[in-house]
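# Working through the structure, step by step
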Amino acid sequence: MAAETLAMSPTPAPDQFVRDLWYMPALAASLKPGQMRREMLLGEPVLLGRDHGGQLFALRDICPHRGVPLSAGRIKPDQTVECPYHGWRFRKDGVCGAIPSLAPGQDFDPEKIKVRSYPVREQDGLIWVYMAGKPGGAPKTEPPRPGVSHPTRWTETQTFRCGIDHAVIGLMDPVHAAYVHDHWWWKRTPRLKEKHYAPLPTGFVMTRHKPSKPAYSLLGDVETEITFELPSTRFEIVTGRLLGKAFRLVGMTVCTPRDGDNTDIIQVFWWPGWLNVLYPLFWAVGRTFIADDRKIVELQREGLKFNPNLMLIQDSDQPAIWYHRVKKAWQESAENGTEFANPVRERVLRWKS
């Protein structure tokens, strides 16, 4: 059986973040018209705002005049962002629209000054920000979508004190559940699993199958498919029939790196309204499971302080191996200006859990 070792520090360097991709910093409902706030993304201060008409925008949260956070200012009636220090105003595209201190006749064009702006999208009740490799880089793709028309039914956000890599591979680990989620109501003797995997445009998928966990039996006769794509988006799509009705339940988990040492885990679920009887179950169990994962990566941090080489083995760690390979291939394609080639190959993985 093959094994690989990784040299991973507990906190990644800034250039280890994957760019030219969409990141999700917040739920759409968390930002009202006329509001703005600072969101840290990949170690960068981003002003996320919604003008008085409800339109989203995202700017670098640093005034180029004296470095004051623009998010500490206000949105004016003309929809510009006013810096709280000297009143400089910036439009949603980042261009400076006014410098109040300029006297009549002074030959200075404010529009020559610009704050970095970020492409932003609002869809499916979520906010996505495109983190380009170079300022002004246009999006190469669109944000991921759950493929449902239902509103969001359940959400949970928790901050993991770790870099994004450890958050991602911890959550995709197929073996840890029997140990990390060791609750009296969840205990189960590990048994052999065989799952078929295939490549996706920027990741991989555990193809549709009958789930083995007893909890799925609450949903009747179901099948599930689990996808992962860069930078950190995991979808679980559950389809089946319950009480004679067909349904589609979609769960999304993203790892949003605030900086090298803190990563938000955001989970969102969508299901049809007649399945709202599930909400108490998610309320009781969902937070607990994410907290279990949060506690184990914080415990892992105690060992990572000593910068050990980490071992990944076949087949149970193969998703983690793929993640690192896909991430490396994406970064190399961006650096070299070449087309991205997914290194994942179709195969069946076997493990006990």
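Residues numbered from 1 in each chain as written. Predicted model: local features only at pLDDT ≥ 70, side-chain atom pairs only at ≥ 80, totals over all residues. Heavy atoms only, no water.

## What about the packing of helix 1 (residues 164-172) against helix 4 (residues 318-336)?
Two elements in contact, helix 1 and helix 4, have axes whose closest approach is 9 Å; the angle formed by their N-to-C orientations is 145 degrees. Remark: the crossing between helix 1 and helix 4 carries right-handed chirality. Only Pro319, Ala320, Tyr323, His324 and Lys327 of helix 4 make contact with helix 1, whose side of the interface consists of Asp165, Val168, Ile169 and Met172. Of the residues assigned to the contact of helix 1 with helix 4, the class counts are six nonpolar, one polar and two charged. (Axes fitted to C-alpha atoms, helices over the stretch in contact; angles between N-to-C directions. Helix = DSSP H or I, 4+ residues; strand = E, 2+ residues; numbered from the N terminus. Left-handed = near helix turned anticlockwise from the far one by under 90°. Contact = heavy atoms within 4.5 Å. Nonpolar A, V, L, I, M, F, W, Y, C, P; charged D, E, K, R; others polar.)

## As for the environment of Leu275
Turning to its location among the elements, Leu275 is positioned in the loop between strand 18 (262-270) and helix 3 (279-304). Placed 111 residues apart in sequence, Leu275 and Ile164 show a C-alpha to C-alpha distance of 33 Å. The contacts of Leu275, once residues within four sequence positions are left out, are Leu242 and Phe247.

## Focus: the pattern of salt bridges
Tallying each qualifying case throughout the model produces 25 salt bridges. Between Asp261 and Arg301 there is a salt bridge, with its nearest N and O atoms 2.5 Å apart. Of this pair, Asp261 sits in the loop between strand 17 (245-259) and strand 18 while Arg301 sits in helix 3; the two residues are 40 residues apart in sequence, bridging distant segments of the chain. Arg301 shares its class with Asp261; the two are buried. Salt bridges sharing partners connect three or more residues here, namely Arg74, Lys76, Asp78, Glu82 and Arg89. (Salt bridge = Lys/Arg side-chain N within 4 Å of Asp/Glu carboxyl O. Buried < 20%, exposed > 50% of the residue type's maximum accessible area, 1.4 Å probe, protein only.)

## Section: helix 3
Spanning 26 residues, helix 3 covers 37 Å between terminal C-alpha atoms, matching the ideal 38 Å at 1.5 Å per step. Roughly 30 degrees is the biggest bend found in helix 3, and it falls at Val285. (Expected span 1.5 Å × (residues − 1). Bend = angle between axes of the 7 residues up to and from the residue.)

## A word on the packing of aromatic side chains
Evaluated as defined, the whole model comprises twelve aromatic pairs. Here the aromatic rings of Tyr197 and Phe204 are separated by 6.4 Å at their centres, their planes lie at 55 degrees, and the arrangement is tilted. In this structure Tyr197 comes out as buried when scored by relative accessible area, which is 4%. Judged by relative accessible area, Phe204 falls into the buried class, the value being 4%. By the ring-pair criterion, three or more aromatic residues cluster together here, those being Tyr197, Phe204, Phe228, Trp322 and Tyr323. (Phe/Tyr/Trp six-rings, centres within 6.5 Å; stacked < 30°, edge-to-face > 60°.)

From the geometry alone we can't say anything about function, so treat these as descriptive.
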